[in-house]
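# Residue-level structure breakdown
Next come the chains, spelled out residue by residue.
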Amino acid sequence: MYQGKLLAAAAAIATFAAAPAAAVDYTVDSDPVLFWNDLAIKTAPANAANQARIIAAMNTAIHDAVSRSYNGADVYYNQGVSAPGGDVRAAVSVAARNVLASLNGSNPTIVAMYDAALSANLAKVPDGTAKTNGIATGNAYSAAMLLNRMNDGSTPPPGFSYTPGNLPGQWRPTPPGNLAAAIPFWGQVKPFLLSSGAQFRPDGPPDLDSAEYLAAYNEVKEIGAKNSATRTEDQRLSALFWDVSNGTTWNRIGLDLISDDNLSTLENSRVMAKLSTAVADALIAGFDAKYTYNFWRPVTAIREGDNDGVDGTVGDANWESLFAAPNHPSYPSTHSLQSGAASAVLLALVKDQAFCNQIGPDMRCFDGIADAAQDAANSRLWGGIHFRFDNEIGLATGQTIGRWALAQNAFNAVPEPASWALMIAGFGLAGAAVRRRVVRVAYA
């Protein structure tokens, strides 16, 4: 029975791998850090913030297991864990499988996929002490990571409630679905590297009677309208492209950018740990700010423009954005936050390069990492679901979070900080020339 489940799961993995226009084929012959990140991205749950949390937790466990297999080459995230080291593929695979199965284990089919992937990876490792020790190391660091994430605030605390506002400037459910507020508690989730979601909380949005707000109001009303006459075709395509991205998007970009740089397993684990924890923390910080300021979406602001107490705003009760706004407050943009955080980390750790980013059948090409981050932020204005200031403060705050992640000791080489600086420089030289490649993003 169990073998049959594994065979079915292996077939499901093959189906995932056959998704449209795959540019990089990750198999059990790939570096294990790359393989498990690919599988985690493909099987991530629906909630973008939880996607990022799960992938970050997996990568911290992976990194620590790898570091121990490399005789403690890096600073551990989970300190004080006793583990014997051993084979790095065995250590990575057990650590990844355990974290993923625990944090994304509500679907038995998905768990069976993780089990099949673990079996396939362990089959490549010769029996013996190194394999046994690697398995023990993976178990030790996954257990430490899961303990670290226990009661981390990723489920609503007892008695928690959130009530939308009804005054000018306050968020309330938006059409067409008028859905209840999404994860209003997420700003209280325990971050990975930040001290709290509020550590870099930005100042609030501009006052409704300010010149900045009026300019942003009129801008999004014009360019973000469903049938805007001023939005270019490229801006429309950008808005639609990034609208289907999620909490795996920048992890996928980073994964595929390093996939052919011939980095060691230790180096791959450093990049993915720094990247994924920065993205997860950016989303925690974003929801902290969103539900602190509870600022309304453009669709609400424009439809209420004649009732907001501001002389300069002209309302339109039938205004629609290019696509529906997500069901949480507008300020700041979490797309922009995670783009800022990820781009700051990647620009420090990998060769900047032109690349094409694919989500399902859609592809968009960029001059470099910063260009992609800026395009992601701009896309939210062009889609009519964010004001300009949402995106600008989101991108800037995200960049601050990314720089903070880079500055933390966790995942850095030991014994001296200078070693990490040299490693960053080495990553910067990893690509001899700017190159254009296709980067996939999860399409599930």
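A few points on the structure. (Residues numbered from 1 in each chain as written. Predicted model: local features only at pLDDT ≥ 70, side-chain atom pairs only at ≥ 80, totals over all residues. Heavy atoms only, no water.)

## Digging into the environment of Ser82
Operational definition: Only DSSP runs of H or I covering at least 4 residues are called helices, and only runs of E covering at least 2 are called strands; the numbering of each starts at the N terminus. Relative accessible area decides the class of each residue, using a 1.4 Å probe on protein chains only: under 20% of the type maximum gives buried, over 50% gives exposed, and in between gives partly exposed.
Structurally, Ser82 can be placed in the loop between helix 3 (48-69) and helix 4 (88-103). Under the relative-accessibility criterion, Ser82 is labelled exposed at 69%. Each C-alpha atom, one on Ser82 and one on Arg68, is 9.4 Å from the other, the two residues being 14 residues apart in sequence.

## Considerations on the pairing of strand 1 (residues 355-359)
Under the convention used in this document: For two strands to be treated as a pair, DSSP must find at least two bridges joining them.
In terms of burial, strand 1 is largely enclosed, as five of its five residues are buried. Side chains of strand 1 alternate between two faces, with Phe355, Asn357 and Ile359 and Cys356 and Gln358 buried alike. Here strand 1 folds back onto strand 2 (residues 362-366) in antiparallel fashion, the turn holding two residues, of which Gly360 has a positive phi close to 60°.

## A look at the pattern of salt bridges
The condition is simple: A carboxyl oxygen of Asp or Glu within 4 Å of a side-chain nitrogen of Lys or Arg is what we treat as a salt bridge.
Counted under the stated rule, the structure contains 17 salt bridges. The partner of Arg97 in a salt bridge is Asp115, with the nearest N and O atoms 2.8 Å apart. Taken together, the residues span a long stretch of sequence, with Arg97 in helix 4 and Asp115 in helix 5 (residues 108-122) at a distance of 18 residues. Relative accessible area serves as the criterion here: at 12%, Asp115 is assigned to the buried category. Measuring nitrogen to oxygen at the nearest pair gives 2.8 Å for the salt bridge that ties Arg201 to Asp288. Linking Arg201 in the loop between helix 6 (129-149) and helix 7 (211-223) with Asp288 in helix 10 (residues 265-293), this pair joins segments that are 87 residues apart in sequence.

## What to know about the nonpolar core
Most often, soluble globular proteins have nonpolar side chains that are buried together. Cut-off, in case you're wondering: Residues belong to a common nonpolar core when they are buried Ala, Val, Leu, Ile, Met, Phe, Trp, Tyr or Cys residues joined through side-chain atoms within 4.5 Å.
Grouped together as the largest cluster of nonpolar side chains are 86 residues, with contacts concentrated most on Trp36, Met58, Ile62, Phe192, Trp250, Leu346 and Val350. At eleven residues, helix 10 tops the list of elements feeding residues into this core. Counting 24 residues, the second-largest nonpolar core is a separate cluster that includes Ala301, Ile302, Trp319 and Leu381.

## Points about the packing of aromatic side chains
Here is the rule: Whether two aromatic rings pair depends on their centres lying within 6.5 Å, for rings of Phe, Tyr and Trp, where Trp uses its six-membered ring; planes under 30 degrees apart make the pair stacked, over 60 edge-to-face, and the rest tilted.
A complete count under the given rule lists 22 aromatic pairs for this structure. Between Tyr162 and Trp171 the ring centres are 6.4 Å apart and the planes differ by 40°, which places this aromatic pair in the tilted class. Overall, the relative accessible area of 22% leaves Tyr162 in the partly exposed class. Judged by centre distance (5.8 Å) and plane angle (45°), the rings of Trp242 and Phe366 are tilted. With Trp242 in helix 8 (residues 233-243) and Phe366 in strand 2, this pair connects stretches of sequence that are 124 residues apart.

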